[in-house]
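Residue-level listing of the chains:
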Amino acid sequence: YATGLMWSSSGSSKIMGSDEIADWLAILNYKGYAGYNDWRLPTVEEAASLLQSGKSNGLYIDLVFSNRQDRVWTGDSRIGSKDMWFVSFKDGRLKNRVLEGSKIIIFNLHFIRPVRNFTNNSSKPTKVDASNVKAKKKKSTKKRLKDLFK
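This write-up is about the structure you can find in this document. Fair warning: this is a prediction, and the values are worked out from it, not measured in the lab.

Cut-offs used in this document
Position labels on residues start from 1 in each chain and follow its written sequence. Given that this is a predicted model, residues contribute local features only at a pLDDT of at least 70 and side-chain atom pairs are listed and counted only at 80 or more, while totals for whole chains, interfaces and linings are drawn from all residues. Only hydrogens and water are removed before side-chain values are computed, so all heavy atoms of the structure are retained for them. The term salt bridge refers to a pairing of a side-chain nitrogen on Lys or Arg with a carboxyl oxygen on Asp or Glu at a separation within 4 Å. In this text, helices come from DSSP runs of H or I with a minimum length of four residues, and strands from runs of E with a minimum of two, each type numbered from the N-terminal end. Contact definition: two residues touch when any of their heavy atoms are within 4.5 Å. At least two DSSP bridges between two strands are required for those strands to pair. Here an axis means a line fitted to C-alpha atoms, over the contact stretch when the element is a helix, while the angle between two N-to-C directions is reported on a 0 to 180 degree scale.

## A closer look at the pattern of salt bridges
Then comes step 1: Following the criterion strictly, the structure yields 6 salt bridges and no others.
Then comes step 2: Counted as one network, the salt bridges with shared partners bring together Asp70, Arg71 and Lys90.

## Here's the deal with the environment of Gly17
Then comes step 1: Assignment of secondary structure puts Gly17 in the loop between strand 1 (5–7) and helix 1 (21–30).
Then comes step 2: Setting aside its immediate chain neighbours within four residues, Gly17 contacts Trp73, Asn108 and Leu109.

## Brief notes about the sheet that holds strand 4 (residues 71–77)
Then comes step 1: The strand order across the open sheet formed by 3 strands is 4-5-6, and the pairing between neighbours is antiparallel. Two strands bound the open sheet, and with one partner strand each, they are strand 4 and strand 6 (93–97). The average angle at which neighbouring strand axes cross in this sheet is 30°, direction not considered.
Then comes step 2: As paired strands, strand 4 and strand 5 (residues 84–88) are joined by 4 bridges and run antiparallel to one another. Each bridged residue has a counterpart across the sheet, and for Trp73 the counterpart in strand 5 is Phe86.

## Brief notes about unusual backbone geometry
Then comes step 1: Residues other than glycine seldom take positive phi values, yet Ala34 does so here, at roughly 55°.
Then comes step 2: Following the sequence through the fold, Ala34 ends up in the loop between helix 1 and helix 2 (44–48).

Here it is in structure tokens:
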């Protein structure tokens, strides 16, 4: 694995479109998941570092990680485009998807496995401004967080 990182062993409990990522991470950070407020999407290199050469429990990822998240978003896009990269642990490959505005296409839905930088200075959680969380969400924050990590 890439060093200097702290991974969530699970992640989102459902697949999400690219338009849901910012809200999901904002809520995770607002609540201080695992005592920290600086969770983010991994880069394509960071997510790819989790790939294993052989399958364990049907996926190319170590058994320490949940097998529910068989493909995960990264925070990277192709240069000059809006395509976002994701890693498929099902077939052990890096892929990208064209994002077509708010149009939801089933192959543009993936899980989130959050990561954070882990350094000696990371022991103090930082305060996060959650004002950018969309107000249109109808579930309570407590219920949504419960759903995130089933």
